[in-house]
Amino acid sequence: MADTAKDKDVIDQEAEEVEVKEETTTTTTTTKKTSQWHKTRTTKTSATTKTTTLTTPAKLYGKDLSEYDDVDVESLLAQLSPEEITILAKEVDPDDNFLPPDQRNSYECTKEATGPLNRKQLIEHINKQAIETPDQPEFEPFVQGKVRGKKWVPPPRDARDIEAEEQIAIDMGEEYEHALNDATQEEIIDLAAILGFHSMMNQDQYHASLLNKGQPVGLGWDGITKSTQQKLFPMDPPNSTDVEESIKRVKDDDSKLIDLNLNNIKNISDEKLEQLFAALPQNEHLEVLSLTNVGLTDKTALLLAAAIEKSKTLRVLNVETNFISPPVIVKLVQALLKCHTIEEFRASNQRSAVLGNKIEMEITDLVEKNSSLLRLGLHLEFNDARHRVAAHLQRNIDRIRVKRLNQRK
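Residues numbered from 1 in each chain as written. Predicted model: local features only at pLDDT ≥ 70, side-chain atom pairs only at ≥ 80, totals over all residues. Heavy atoms only, no water.

Caption draft 1: Layout of the overall build of the protein chain. Of the regular secondary structure elements, the protein chain holds 15 helices and 10 strands. Sorting the 409 residues of the protein chain into buried and exposed places 21% on the buried side. Partitioning the contacts of the protein chain with sequence separation of at least 6, the portion at a separation of at least 24 is 59%. Surface accessibility of the protein chain: about 32200 Å² in total, with carbon and sulfur atoms responsible for 53%. (Helix = DSSP H or I, 4+ residues; strand = E, 2+ residues; numbered from the N terminus. Buried < 20%, exposed > 50% of the residue type's maximum accessible area, 1.4 Å probe, protein only. Contact = heavy atoms within 4.5 Å. Areas by Shrake-Rupley, 256 points an atom, 1.4 Å probe, with all protein chains shown as cover.)

Here is the structure:
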């Protein structure tokens, strides 16, 4: 009986030990770490430590983000008061470039405006603040000749790069090598000019070599290259032509007045221009009329168009740099058809820089009908008009040249 009792106690102790082991094995310490998309669970037991990572969707207020897809945001915003919307706007920074900065920024200035913007006072205040604000003290004072901070040292170059930059020895032969070694600086400069090595010399050396002059003193290979002194030319004197006297000579049909140049005379009135244009049809000696930059307008240009239709001797007409509109330019070109003596007509640089396609086509059609015009000074933008005008003027020049050759024979 005693042995039986002992065996029973041993069995009970072993059973208790097994239960304790099972409780120890099943007892775990769990640590959970939750992030936006991952949840890490660490399990520690008496024997091993096991870590597992589970990928789960992010949650907001205990719900998955997918559950908020069906939420009507506009209805929720409609239930908020203005004060709550203001608080919400300060906490949210919308990433929208189309919104002005004051709506994307949570900062709000509550200071009242002091008055209208005065730019001059603002600049004066900024300058005053800049002058009165003391400079930041330097950690190390400046000393002339002393390097402050770490001095940059270039890294060592690769030996292969140095070998690649070495000059390649060229065998020119004993004759050429002896000639180059014995040549003077002047002869080398002349040789460089002949070969076209402009980058090896300055402008004075190059022109001196071409003109076969002596080299400038101090401008050899060892000299200092200096810039060429700028040449100052006197300005053209103002046009001293007497307008009233010229008009009188045109009216009197002066035989010595062949070229009348009124360019750049600013004070010519419209009355004087009208008198000049009225006297042109009766004049039989004037051949060249220049009216550049005299303030011609459409009114006076129409009078000029009517005058050149009746002109008998005018060959060159120049009305550049004035205030003539494109339609009036067409009138002038149209008047050239009735005046068979004008060979050159110039009317560029007017009030309108661009004539337009319609005006250019009208001018082209008129020029193609003119058999006496040889030169036209007009800026045509379109290639079609420009090519057609150039081809027709060339045909007129060829026809006149053939006519002169036949007369000589």
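Caption draft 2: The sheet that holds strand 7 (residues 288–290), seen in detail. Read across the open sheet, the five strands follow the order 6-7-8-9-10; overall the sheet is parallel. If you trace the sheet from one side to the other, it starts and ends with strand 6 (259–261) and strand 10 (375–377), each paired once. Direction aside, neighbouring strands of the sheet carry axes that sit 5° apart on average. Across three bridges, the pairing between strand 9 (residues 344–346) and strand 10 is parallel. (Pairing = 2+ DSSP bridges. Axes fitted to C-alpha atoms, helices over the stretch in contact; angles between N-to-C directions.)

Caption draft 3: Representation of the packing of helix 14 (residues 357–368) against helix 15 (residues 383–408) within the structure. The geometry of helix 14 relative to helix 15 is characterised by a closest axis approach of 10 Å and an angle of 15° between their N-to-C directions. For the element pair helix 14 / helix 15, the angle class is roughly parallel. Crossing of helix 14 over helix 15 shows left-handed handedness. Contact residues: helix 14 offers Glu360, Met361, Thr364, Asp365, Val367 and Glu368, while helix 15 offers Asp384, Ala385, Arg388, Val389, His392 and Leu393. (Parallel < 35°, antiparallel > 145°, perpendicular 65-115°, else oblique. Left-handed = near helix turned anticlockwise from the far one by under 90°.)

Caption draft 4: Representation of a nonpolar patch on the surface in the model. A cluster of nonpolar side chains, Val73, Leu77, Leu80, Ile85 and Leu88, forms an exposed patch at the surface whose accessible area comes to about 380 Å². Looking at where Leu80 falls in the secondary structure, it is placed in the loop between helix 2 (73–78) and helix 3 (82–91). Residue classification places Leu80 among the partly exposed residues on the basis of a relative accessible area of 31%. (Patch = residues over 30% accessible without salt bridge, like charges linked within 9 Å, V, L, I, M, F, W, Y side chains within 5 Å. Salt bridge = Lys/Arg side-chain N within 4 Å of Asp/Glu carboxyl O.)

Caption draft 5: Layout of the packing of helix 13 (residues 326–335) against helix 14. Remark: helix 13 packs on helix 14, axes separated minimally by 10 Å, with the N-to-C direction vectors making an angle of 5°. Here helix 13 is positioned roughly parallel relative to helix 14, judged by the angle of their axes. Residues Pro326, Pro327, Ile329, Val330, Val333 and Gln334 of helix 13 pack against Ile359, Glu362, Ile363, Leu366 and Val367 of helix 14. Residue composition of the contact of helix 13 with helix 14, grouped by class: nine nonpolar, one polar and one charged. (Nonpolar A, V, L, I, M, F, W, Y, C, P; charged D, E, K, R; others polar.)

Caption draft 6: Region of interest: the pattern of salt bridges. In the structure shown here, the tally under the stated rule is 14 salt bridges. Two residues, Lys299 and Glu274, come together in a salt bridge whose shortest N-O distance is 4.0 Å. Taken as a pair, Lys299 in helix 12 (residues 298–308) and Glu274 in helix 11 (residues 270–279) lie far apart in primary sequence, 25 residues in all. Lys299 gets classed as exposed once you look at its relative accessible area, which sits at 54%. Residues joined in a network through salt bridges with shared partners are Asp365, Glu368, Asp384 and Arg388.

Caption draft 7: Looking closely at the environment of Asp398. Locating Asp398 in the fold gives a position in helix 15. Judged by relative accessible area, which is 25%, Asp398 ranks as partly exposed. Sequence separation between Asp398 and Leu374 is 24 residues; the distance between their C-alpha atoms is 9.9 Å.

Caption draft 8: Structural context of the confidence of the model for the protein chain. For the protein chain, mean pLDDT is 78; residues scoring 70 or higher make up 74% of the total. Low pLDDT, under 50, characterises residues 1–6; the predicted model gives this stretch zero contacts beyond four residues in sequence or across chains. Note that residues 14–54 has pLDDT below 50 and, in this model, 49 contacts with residues that lie over four places away or in other chains. (pLDDT = per-residue confidence, 0-100.)

Caption draft 9: Molecular detail of the nonpolar core. By size, the foremost hydrophobic cluster in this structure holds 50 residues, and its most contacted members are Phe277, Leu291, Leu304, Ile308, Val319, Phe345 and Ile363. Secondary structure elements with two or more residues in this core: helix 10 (243–251), helix 11, helix 12, helix 13, helix 14 and helix 15. Among the elements that take part in this core, helix 13 stands out by supplying six residues, more than any other. Here Phe277 is in contact with Leu291, Leu296, Thr300, Leu303, Leu304 and Ala307, once residues within four sequence places are set aside. (Core = buried A, V, L, I, M, F, W, Y, C linked by side-chain atoms within 4.5 Å.)

Caption draft 10: Summary view of the side chain of Asn370. For Asn370, the position within the fold is in the loop between helix 14 and strand 10. For Asn370, a relative accessible area of 4% puts it in the buried group. A polar contact of 3.5 Å, which involves the side chain of Asn370, links it to the backbone oxygen of Leu336. Among all residues touching Asn370, those that are not within four sequence positions of it are Leu336, Leu337, His392 and Asn396. (Polar contact = N/O pair within 3.5 Å; in protein donor to acceptor, adjacent residues only side chain to side chain.)

Caption draft 11: Quick look at the side chain of Asn263. Locating Asn263 in the fold gives a position in the loop between strand 6 and helix 11. Here Thr292 takes part through its backbone nitrogen, which lies 2.8 Å from a polar atom of the side chain of Asn263. Every residue in contact with Asn263, bar those within four places of it in the chain, is listed here: Asn239, Ser290, Leu291, Thr292 and Val294.

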